[in-house]
Amino acid sequence: MSQQTQHRHALEIINLSIALPNGVRLLRDVSLKLEPGEVRALVGESGAGKSMIGKTVLGILPDTLKITQGEIILEGQHLNMMTPWTRRKTVAEITALIPQDPLTALNPLRKIGPQIVDPLIRIRGWEKDRARARALELLERVHIRAPERVMQSYPHELSGGMRQRILIAAAFAPSPRLIVADEPTTALDVTVQKEILKLIRELQKETGTAVLFVTHDMGVVAKISQQVTVLFAGKVMEDAPTREVFTNPAHPYTRALIAATPSSADLDRPFSPVPTELIAELHAQVARDDALWQGKKR
Amino acid sequence: MLLRTVLIRLLTTAITLFGVAVVVFTLVRVAPGNPIAMMLPPGATEQDIANLTALYGFDKSLPHQFVIWLSGVVQGDFGTSITLRRPVSELVLSRLPATLELSVMALFIAVALGGFVAVLGARRRNSATEVGLDLSSGAVLSIPDFLWGLIFVLLFGVLWPVLSISGRIDPRIEFDFTTNYYVLEGLLRGRFDVVGSTLGHMLMPAMSLALPLAAMIAQLLKQNLKEELLKDYTTLTRVRGFTETAVILREALRNAALPTLALVGVQFTFLIGGTVIVERLFAYEGLGNMAIDAVINRDLPLIQGIVMLFAALFIVINLAVDLSYTLLNPRLRHG
Ligand SMILES: Nc1ncnc2c1ncn2[C@@H]1O[C@H](COP(=O)(O)OP(=O)(O)OP(=O)(O)O)[C@@H](O)[C@H]1O
Ligand SMILES: [Mg+2]
């Protein structure tokens, strides 16, 4: 109790496990913390459960998946103890999402303007004029030229990079205190990726919003985050400050991930994918742990 | 660009109608059954038959007959009904409103019912409710419209006779119609007894026509909704605090409805085709009912007139669907 009042984390996940209805675990005892104003990268290969953590934080886990254990605490409030109605309100009040694919993240049948403005009216209860002004301000901030015209456009009239900038503007517009960015650059051209990454970093610094940044690219981790959580098969392999992870990675998987990233360390070193033997060994380890856990449960 | 589209559209319409005309014209004349013989009492002389045959032009060659008929049609003259002895255009137009009102009511029911089930199924996706709804719509779909008609007649006409099973309106109601749009005119003139009675008579035939289409809409629209609900724009809406129902109704529904619209257009023409038998079943005085009489009596001009009207109707509906599709889809509107 005193812990909470002493220091309130932007986000705290404690021993989170998520399972399919048949009992197969997709997340295994995941814990992580995010301080206000901090960027934490969540890194791991495809299928590691990165998006699932993001979804859990945002309270949008599919009904088919069950939280079998653990706590998700947003600014001291226990999300998984809330009624769906309160949870929706709390999540909308505190968080925002920058999604992966800008091509499907805007409603193709609605103009850009209302898609940014309406949530501001709804979440923050602002007057229409104020919401519009805020939307324009943010669109200008993400370097959209002729924002008035863009607000009148439909998504299909804009390029992928432009849409992602619009989505970033929409995410920051209600001044959320936590943003989940789920691989926001993966679907974009390499040149556009850099620009988007820079934009998110700048806006994050200006606003002091905490960001949970999901990625599978250690290069991106190095650029954007202060803290890293390395995930494998729904299990945390390593959790450390970014600088430390790169200078002195504790886990062999982290080392392999860094080695597998061409842009991260010295450029002369040849590209080396994560060794399959290591992956097999880690999977075996996870399976052993699962067996143990099953035994304990019985 | 637009002009070209319109011109092409008009041309295809003309070609379609001409093709339908040729086929129907030939078919009804090649099919067995002599309309003249059926008109005359038994024991008519050869001379009588020859006279009447000449009167209706059936003595001429088939192409010649067609040319005569077509030149009439171009001037708006579809010939004279052999059995009813009145201009085909007048007869057909007097029955069109009944069929239109029935079809539109059936369409409304199908869209409302199918839409509701689709939204409910999408809202409760991956649950027992969804499975139950899927099974029901599958079952409903497997029963054709005329069988639904029979089921309704048995249920609400015989076992529990609460609905009238024949006609278009209670004959005891006194009302001098200036048009044949009973529902519309009743509404406009504030005679709700007329509206009520007409709707009551339409309910069972309309339901029979609507149920299979409703099931089809329920299945397709739900599938489309489920696809939309996986897309990121719905996820974003959820994160912004909208309930799942609001996400479906406000964001996903319009996107999911677009591909469904094409199906509804095509199926609506089939539904109108279904009126032929269903109207007969409920002794409903519409075009379809008239068509069956015309076929039984080999009333060639009347059959042709009815088929041409149906064909024109189908073309108009397809046009309306294409147009609304373009209007609802900004990608096409601006492109
Ligand atoms: N609704 C679901 N039902 C069943 N399994 C699911 C569901 N959603 C995700 N999974 C499984 O959970 C695991 C983690 O998925 P998640 O989407 O979190 O991975 P990820 O780390 O984000 O990967 P990627 O880099 O591909 O986005 C995967 O094995 C995936 O197959
Ligand atoms: Mg993911």
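These numbers were taken from a predicted model, which means no experiment stands behind them. (Residues numbered from 1 in each chain as written. Chains lettered and ligands numbered in written order. Predicted model: local features only at pLDDT ≥ 70, side-chain atom pairs only at ≥ 80, totals over all residues. Heavy atoms only, no water.)

1. Let's talk about the domain arrangement of chain B
Residues and elements named next belong to chain B. Domain annotation for chain B reports domain 1 (16-74) and domain 2 (95-333). On a C-alpha basis, the centroid separation for the pair domain 1 and domain 2 is 36 Å. Each partner contributes residues to the interface: domain 1 has 14 residues there, and domain 2 has 11 residues. Between domain 1 and domain 2, roughly 1,100 Å² of surface is buried when both sides are summed, and carbon and sulfur atoms account for 78% of that area. At the boundary of domain 1 with domain 2, the tally comes to 0 salt bridges. Between domain 1 and domain 2 we count 2 residue pairs in polar contact (both at pLDDT 80 or more) in total. Counting residues per element, the ones that place at least two in the side of domain 1 that touches domain 2 are α1 (2-30) and α2 (35-39). Per-element tally for the side of domain 1 that touches domain 2: the top contributor is α1, with 8 residues. Partitioning the side of domain 1 that touches domain 2 into residue classes produces 11 nonpolar, 2 polar and 1 charged. (Domains from an automatic or database assignment. Contact = heavy atoms within 4.5 Å. Buried area = accessible area lost by both parts, 1.4 Å probe. Salt bridge = Lys/Arg side-chain N within 4 Å of Asp/Glu carboxyl O. Polar contact = N/O pair within 3.5 Å; in protein donor to acceptor, adjacent residues only side chain to side chain. Helix = DSSP H or I, 4+ residues; strand = E, 2+ residues; numbered from the N terminus. Nonpolar A, V, L, I, M, F, W, Y, C, P; charged D, E, K, R; others polar.)

2. Things to note about the pairing of strand β6 (residues 95-98) of chain A
All names here are of chain A. What you see with β6 is no split at all: T95 and L97 on one side and A96 and I98 on the other are buried throughout. Both β6 and strand β7 (residues 178-182) contribute to a ladder of 4 bridges, which runs parallel. Bridge pairing in β7 places L97 opposite V180. (Buried < 20%, exposed > 50% of the residue type's maximum accessible area, 1.4 Å probe, protein only. Pairing = 2+ DSSP bridges.)

3. Observations regarding unusual backbone geometry
All names here are of chain A. Phi at A146 takes a positive value of approximately 50°, unusual for a residue other than glycine. Positionally, A146 belongs in the loop between α5 (128-141) and α6 (147-151). For A146, a relative accessible area of 37% puts it in the partly exposed group. Even without glycine at this site, S175 takes up a positive phi of about 50°. The residue S175 is located in the loop between α7 (160-172) and β7 in this model.

4. A word on the site of ligand 1
Residues and elements named next belong to chain A. Looking at ligand 1, there are 13 residues lining it, with S46, G47, K50, S51 and M52 nearest. At a separation of 2.6 Å, an oxygen atom of ligand 1 approaches a polar side-chain atom of S51. When isolated, ligand 1 has an accessible area of 630 Å², and the protein chains bury 63% of it. Top element by residues in the shell around ligand 1 is helix α2 (residues 50-57). It accounts for 3 residues. Among the residues making up the shell around ligand 1, the classes are represented as 6 nonpolar, 4 polar and 3 charged. (Near = heavy atom within 4 Å. Areas by Shrake-Rupley, 256 points an atom, 1.4 Å probe, with all protein chains shown as cover.)

5. So, the nonpolar core
Counting residues in each nonpolar core, the largest one holds 75 residues, and the members touching the most others are A:L11, A:V57, A:L212 and A:F213. The leading source of residues in this core is α7(A), at 8 residues. In this structure A:L11 touches A:L32, A:K33, A:L34, A:V57, A:I72, A:I73, A:L74, A:L178 and A:L212, once residues within four positions along its chain are discounted. B:A210, B:L221, B:F282 and B:L302 belong to the second largest nonpolar core, which has 64 residues in total. (Core = buried A, V, L, I, M, F, W, Y, C linked by side-chain atoms within 4.5 Å.)

6. Looking at the pattern of salt bridges
Residues and elements named next belong to chain A. According to the stated counting rule, one finds 30 salt bridges over all chains in the structure shown. A salt bridge links D289 to K235; the shortest N-O distance between them is 3.3 Å. Taken together, the residues span a long stretch of sequence, with D289 in helix α12 (residues 276-297) and K235 in strand β10 (residues 235-241) at a distance of 54 residues. Residue classification places D289 among the partly exposed positions, given a relative accessible area of 31%. Its relative accessible area of 23% is what places K235 among the partly exposed residues. In the salt-bridge network here, residues are joined through shared partners; they are R8, E75, E93, R124 and R177.

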